[in-house]
Amino acid sequence: MVNGSPRVNGNTAAALAEMKKIFKAEGIETEIIQVGAVMLDQNFTVLDTFSSFVRPSLSHITPVIQELTGIRQDMVENAEDLVTVFDKYLCWLGDQEVTTFCWGEMDYTQLWNEYSVKARHRIDFQENLKTFVDLQGTFMKTLGARLPVSLESAVRLSLGRFEGRQHQASDDALNTALVLKKLCCSKFLNPQFEFLHA
């Protein structure tokens, strides 16, 4: 769950905390249902994209998630499991060294938690998780923001308009890449990147 509100401890945070309690009490797990990525060259030109639905093994698509993402249960029922999708993602990456940028620690934490349950035996997964950078945190530090900045807000501030649909992994990845390019290509900004580690 992601709090996109500018008020860290406001009503949205309270509602999310309450929903988390309800999910836990009902035994509902959160799972990754889509993996999306954009491959950039050193000039921030898009070289390729990766997108795949993931079949959840512990839960199903709720009406709230369907409304938020546009992803329906029938879209993930016949999808591959997370380990298979992540294998395809690693194959797509190839042998080159990469840095993976995510918007906020939530996606990274969710991926790490699922890795711990579903693919603990896979050292290659663990090694890839060491290359993640929280671009939201970098964006906030670079601009001096005190409160979390949603991806949509960062896009509006730096580019004007969000490309595609919010909360669709491939569209979020593209917009994250566009914000990264804007941060790195600005004459006036000097972003400092730090790797996330579980």
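Residues numbered from 1 in each chain as written. Predicted model: local features only at pLDDT ≥ 70, side-chain atom pairs only at ≥ 80, totals over all residues. Heavy atoms only, no water.

Q: Sorry if this is basic, but what is going on with the pattern of salt bridges here?
A: Side chains bearing opposite charge may pair, as long as their charged atoms lie close to each other. Applying the stated criterion across every chain yields a total of 9 salt bridges. A salt bridge links Glu80 to Lys88; the shortest N-O distance between them is 2.7 Å. Residue class for Glu80 comes out partly exposed when judged on its relative accessible area of 31%. Here Lys88 falls in the partly exposed class, since its relative accessible area comes to 41%. Measuring nitrogen to oxygen at the nearest pair gives 3.2 Å for the salt bridge that ties Glu127 to Lys130. Taking the relative accessible area as the measure of exposure, Lys130 reaches 37% and is therefore partly exposed. Overlapping salt bridges, with partners in common, bring together Glu31, Glu114 and Lys118 in one network. (Salt bridge = Lys/Arg side-chain N within 4 Å of Asp/Glu carboxyl O. Buried < 20%, exposed > 50% of the residue type's maximum accessible area, 1.4 Å probe, protein only.)

Q: What exactly am I supposed to notice about the confidence of the model for the protein here?
A: The predicted coordinates of low-pLDDT regions are not to be read in fine detail. Per-residue pLDDT for the protein has a mean of 87; in total, 85% of the residues score no lower than 70. Contacts for the low-pLDDT stretch residues 1-5, under 50 throughout, to residues beyond four places or in other chains number 14 contacts. (pLDDT = per-residue confidence, 0-100. Contact = heavy atoms within 4.5 Å.)

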